[in-house]
Amino acid sequence: MTQTQQHAHLSVRTLVTGPLQENALLVRDAAGQGFVVDPGDEGERLLREIEAFGLRPQAIVLTHAHFDHLGAVEQLRTTLGIPVLLHPADLEIYRSASQSAARWGMNVIQPADPDAFLTPGEVLQAGDVHLTVRELPGHAPGHVILKGTDFVLAGDTLFRGSIGRTDLPGGDHVQLIQGITRELLSLPDDTVVYPGHGGATTVGRERLHNPFL
């Protein structure tokens with residue numbers, strides 16, 4: 001499944017990949033510059049979609065390091081020659097991705113270490129794409145969200161009608177709720193939320209209808 005939404009001069013394409021149905025996100029400006037966020041699985045398919053989308057990505061950005069969101073990392077990094085960016089607090093989880101996947105009966109190629117670490121407050125820029133890095137731990141200790149002009153790439157923090165699970169290593173329910181309140185519910189109601197699983201939603205919809213909030 002693939003969907004594309006427009007945001008002024010930017011486009012966001014969502015690809016549902018892998019057995020856990022994670023969302024891989026491609027963000028590009030009118031000239032094709034942008035980023036791959038949380039590539040998930042199905043590397044060959046992702047490479048075809050990147051080409052079809054006209055994306056010339058500057059980096060692979062991970063909102064967090066759970067194995068279901070990074071199965072295609074090494075293939076994309078090697079093929080495209082671009083760096084992998086991650087919050088340092090998620091490095092331990094990242095380095096054990098293949099072992100974690102094996103415990104779920106799945107096979108994930110363990111990627112080499114990230115090329116650089118994300119800093120909260122920094123702005124990732126590629127052409128007209130500007131994504132502000134904001135910390136939102138609770139689902140994973142180094143979880144970040146990426147804020148665009150009128151949208152946010154939320155990883156596994158806020159979903160349509162749900163929130164990220166906090167029973168995995170490094171999870172913290174109080175941290176997650178506080179982070180969602182601080183970093184997401186403070187945004188305008190029409191801000192589009194692209195989650196790590198499931199369909200896109202808006203801050204306003206979740207503020208009114210999400211039973212976990």
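Residues numbered from 1 in each chain as written. Predicted model: local features only at pLDDT ≥ 70, side-chain atom pairs only at ≥ 80, totals over all residues. Heavy atoms only, no water.

(A) Region of the structure containing the pattern of salt bridges. Following the criterion strictly, the structure yields 10 salt bridges and no others. Where Arg77 meets Asp115, a salt bridge forms, and the shortest distance between an N and an O atom there is 2.8 Å. Taken together, the positions of Arg77 in helix H2 (residues 73-80) and Asp115 in the loop between helix H4 (97-103) and strand E7 (116-117) put the pair 38 residues apart, joining distant regions of the chain. Taking the relative accessible area as the measure of exposure, Arg77 reaches 10% and is therefore buried. Look at Asp115 and you get partly exposed, because its relative accessible area is 46%. Residue Arg182 pairs with Glu183 through a salt bridge whose shortest N-O separation is 3.1 Å. Judged by its relative accessible area of 14%, Glu183 falls in the buried class. (Salt bridge = Lys/Arg side-chain N within 4 Å of Asp/Glu carboxyl O. Helix = DSSP H or I, 4+ residues; strand = E, 2+ residues; numbered from the N terminus. Buried < 20%, exposed > 50% of the residue type's maximum accessible area, 1.4 Å probe, protein only.)

(B) Spatial organisation of the layout of surface pockets. Empty space within the largest pocket amounts to approximately 510 Å³. Along the wall of the largest pocket there are 22 residues; nearest its centre are His66, Phe67, Trp104, Leu168 and Pro169. Secondary structure elements with two or more residues in the lining of the largest pocket: helix H3 (91-95) and H4. It is H4 that contributes the most residues to the lining of the largest pocket, three residues altogether. Of the residues in the lining of the largest pocket, the class split is 10 nonpolar, seven polar and five charged. Here the second largest pocket defines a volume of roughly 170 Å³. Contributing elements (two or more residues each) for the lining of the second largest pocket: strand E1 (2-7), strand E2 (10-17), strand E3 (22-29) and strand E14 (192-195). When residues in the lining of the second largest pocket are grouped by element, the largest group, three residues, is from E2. (1 Å grid on protein atoms, 1.4 Å probe; cavity = no way out; pocket = protein on both sides within 12 Å on 5 of 7 lines; lining within 4 Å. Points joined across faces, edges and corners; volume = space filled by probe spheres on them. Nonpolar A, V, L, I, M, F, W, Y, C, P; charged D, E, K, R; others polar.)

(C) Region of the structure containing the sheet that holds E7. In spatial order, the strands read E1-E2-E3-E4-E5-E6-E7; together these seven strands make up an open sheet with mixed pairing. Edge strands, defined here as strands with exactly one partner in the open sheet, are E1 and E7. Bridge count for strand E5 (residues 56-61) against strand E6 (residues 84-86) is two bridges, and the pairing is parallel. Directly across from Val61, in E6, lies its bridge partner Leu85. Helix H1 (residues 43-53) rests against E1, E2, E3, strand E4 (33-37) and E5 of the sheet, and its axis sits at about 160° to E2. (Pairing = 2+ DSSP bridges. Contact = heavy atoms within 4.5 Å. Axes fitted to C-alpha atoms, helices over the stretch in contact; angles between N-to-C directions.)

(D) Focus on the nonpolar core. Counting 28 residues, the largest nonpolar core has Ile60, Leu62, Leu70, Leu76 and Tyr94 as the members making the most contacts within it. Put simply, the parts of the chain that give this core at least two residues each are E3, H1, H2, E6, H3 and H4. Dropping the residues within four chain positions of it, Leu70 is found in contact with Gly40, Leu62, Ala65, Tyr94, Ala97, Val108 and Pro111. Residues Leu10, Val144, Val192 and Ala200 belong to the second largest nonpolar core, which totals 22 residues. (Core = buried A, V, L, I, M, F, W, Y, C linked by side-chain atoms within 4.5 Å.)

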